[in-house]
Amino acid sequence: MAKNTKVRVRFAPSPTGYLHIGGLRTALYNYLFAKNNGGDFVLRIEDTDQDRSVVGAVENLLNTLKWAGLDYDEGPSIGGQYGPYVQSERLGLYRQYADELVQRGQAYYCFCSSERLTELRDGLTAQKQPPMYDRHCLNLDPAEVKERIKKGEPHVIRLKIPEGKTKFKDLIKGEVEIDNKTIDDQVLLKSDGFPTYHLAVVVDDHLMKITHVLRGDEWLPSTPKHVLLYQAFGWSAPEFAHLPTIVNKDKTKLSKRQGDVAVEDYIKQGYLPQAIINFIVLLGWNPGQGSEEEVFSLDQLIKKFSFDHVHKSNAVFDRDKLDWFNGVYIRQLTPDELLDYALSYFNSTDLGDKFDAEYIKKVISLEQSRIKKLVELPLLTKFFFEDNLDYPAQILVWKKSDKNKAQEVLAKLFTTLEQIEAQDWQPAKLEAVVVDWIKNNSLTNGEVMWPLRVALTGQEASPGPFEVAAVLGPKRSLNRIQKAIDKLK
RNA sequence: GGGGCCAUCGUCUAGUGGUUAGGACAUUAGGUUUUCAUCCUAACAACAGGGGUUCGAUUCCCCUUGGCCCUACCA
């Protein structure tokens, strides 16, 4: 690549469903590399397989990238000077370039039926031979080819793989060399007129002036084919960088059977984009310089990213660490941000209609340090929105106390709390009063705080009694304490 | 069957021709505390195996083993 050439990378997913967590990381690395170099991040849709394209998948993809904050500079819906950015809209181009290769003697028409191909492959496999195409149509007479095409006979165009070895340098894996003998004569143009991935990717990357191809390492074995195609066209190839795979605990490729693979699944469960980004960027990359930091914003990542510290080996997707990151980022949110993110995880039935945003904000702030995922919020905060608490009386009793004591304490405490002015119904003030009261009555914290908190929440585990009481207000709090006293009778 | 890629705690990883092989998550034990969570402290835990090269290899080379990927008119 010539110096001074502007870096241009692309993320080129197939619209076969939802954005995969591995796809998001590929997009992220592309994005980070582009932005780190002041370059362009291009989005291109590779929908050359008509059977596998799913309606709505592109829109979903766009939404997910947006959620993650990975804005692209050129691509579907925003355009750009090298469009269109959807391969099914570029069909004429591929045909034209495939024909050009035939003219140059680098490719040839093939009329073999899929039946013949299957038979051929099965035969070779049975003999433990590599199942490669036998070049049956390589030396067809040009006139015959013309005639058969004219008759409308189904055909494909195949790349004629030359003799020799193909070598390229991968930015992550290093030098890779492969013997061309092991490469099949690739189909470039399918009988339905669509290009295969190999043709489309090379033509588009060239036409779109892509300087660096950064993709999953399942493409590494195909790269020599692409290098050969660039040579056949007489074009210079871009740089390549193949990313390690994100795998399951058992080291197999991340699969639906063993957990969630769609980014959308994580959004649904209440993972924040910051957490997902931070977590997946570390799956195969580290900031280097012996740095022991690992919490990074997208902007910091842009500054730090480079291929020097991208790993060669696969990385296991560890849900526990993701959860930890999510907790970290949830705790960093301001009350308003938390409210924004949290609201969509509640149903209207969770909240009722008598609670306003201010109230909800206070409620969820109390759970902020307690949750790992936003989706936990409705269940954990249920007692703030429902006054008829259903819990066994027994849990009102602290482990080092007994039922009578609990009742006695709550009854006395009730009269004390009753006298507090409404404007003093604040956590600090309430605490001061209660702690004072505990001292004066020669009681212990546990004897008082535990039953008080359970009376207010109906939960064995919850935020502290004073914070909860402050949010509930005097009336609802006293009401709950009274109910608890009754329960203990 | 052929080809390619890879190999440090359970996991993500740092690291070097000579280190007590470091950090984070998880786990365990404490501390704070009415509970849970947060927070703090500590503990546990790794260089796949075998050959070389070398005064010395976790580090460099080779082999083995293991894992992953490709081997479609799918991407």
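Residues numbered from 1 in each chain as written. Chains lettered and ligands numbered in written order. Predicted model: local features only at pLDDT ≥ 70, side-chain atom pairs only at ≥ 80, totals over all residues.

A. Region of the structure containing the packing of helix α17 (residues 403–418) against helix α19 (residues 445–457). Interaxial distance between α17 and α19 falls to 9 Å at its minimum, and their mutual angle equals 75 degrees. When the axis of α17 is compared with that of α19, the two are roughly perpendicular. For the pair formed by α17 and α19, the contact residues are Lys 405, Ala 406, Val 409, Leu 410 and Leu 413 on the first element and Glu 447, Val 448, Pro 451, Leu 452 and Ala 455 on the second. (Axes fitted to C-alpha atoms, helices over the stretch in contact; angles between N-to-C directions. Helix = DSSP H or I, 4+ residues; strand = E, 2+ residues; numbered from the N terminus. Parallel < 35°, antiparallel > 145°, perpendicular 65-115°, else oblique. Contact = placed C-beta atoms within 7 Å.)

B. Fine view of the protein's contact with RNA strand B. Taken together, the neighbourhood of RNA strand B is formed by 69 residues, with Ser 313, Val 316, Asn 445, Ala 461 and Gly 464 sitting nearest. At the level of elements, α4 (114–126), β6 (174–179), β11 (315–316), α11 (319–332) and α19 are the ones that each hand at least two residues to the surface near RNA strand B. The biggest single contributor to the surface near RNA strand B is α19, with five residues. (Near = placed C-beta within 6 Å.)

C. Representation of the environment of Val 434. If you trace the backbone, Val 434 turns up in helix α18 (residues 427–440). For Val 434, a count of 21 C-beta atoms within 10 Å corresponds to the buried category. (Buried ≥ 20, exposed ≤ 12 C-beta atoms within 10 Å, placed from the backbone.)

D. Spatial organisation of the sheet that holds strand β4 (residues 156–159). Strand order in the open sheet made by the three strands is β3-β4-β7, with antiparallel pairing throughout. Sheet topology places β3 (107–110) and β7 (187–189) at the edges, where each strand pairs with a single neighbour. Taking each pair of neighbouring strands and ignoring which way they run, the sheet shows an average axis angle of 40 degrees. (Pairing = 2+ DSSP bridges.)

E. Quick look at the domain arrangement of chain A. Under the domain assignment used here, chain A contains domain 1 (8–88 + 246–316), domain 2 (90–243), domain 3 (333–384) and domain 4 (393–488). Computed over C-alpha atoms, the centres of domain 2 and domain 4 are 76 Å apart. (Domains from an automatic or database assignment.)

F. Representation of unusual backbone geometry within the structure. At the junction of Gly 83 and Pro 84, the peptide bond is cis and its omega measures out at -5 degrees in the coordinates. In this fold, Pro 84 is placed in the loop between α2 (57–68) and α3 (91–103). Of note in this structure, Lys 128 is not a glycine but carries a positive phi near 55 degrees. Considering the arrangement of structural elements, one finds Lys 128 in the loop between α4 and α5 (142–150). A positive phi is found at Lys 209, a non-glycine position, where the angle reads about 55 degrees. Within the secondary structure, Lys 209 sits in the loop between α6 (197–207) and β8 (212–216).

G. Spotlight on the environment of Lys 475. Position of Lys 475 relative to the elements: it lies in helix α20 (residues 465–488). For Lys 475, a count of 10 C-beta atoms within 10 Å corresponds to the exposed category. Sequence-wise, Lys 475 and Ser 297 are 178 residues apart; in three dimensions their C-alpha atoms are separated by 44 Å.

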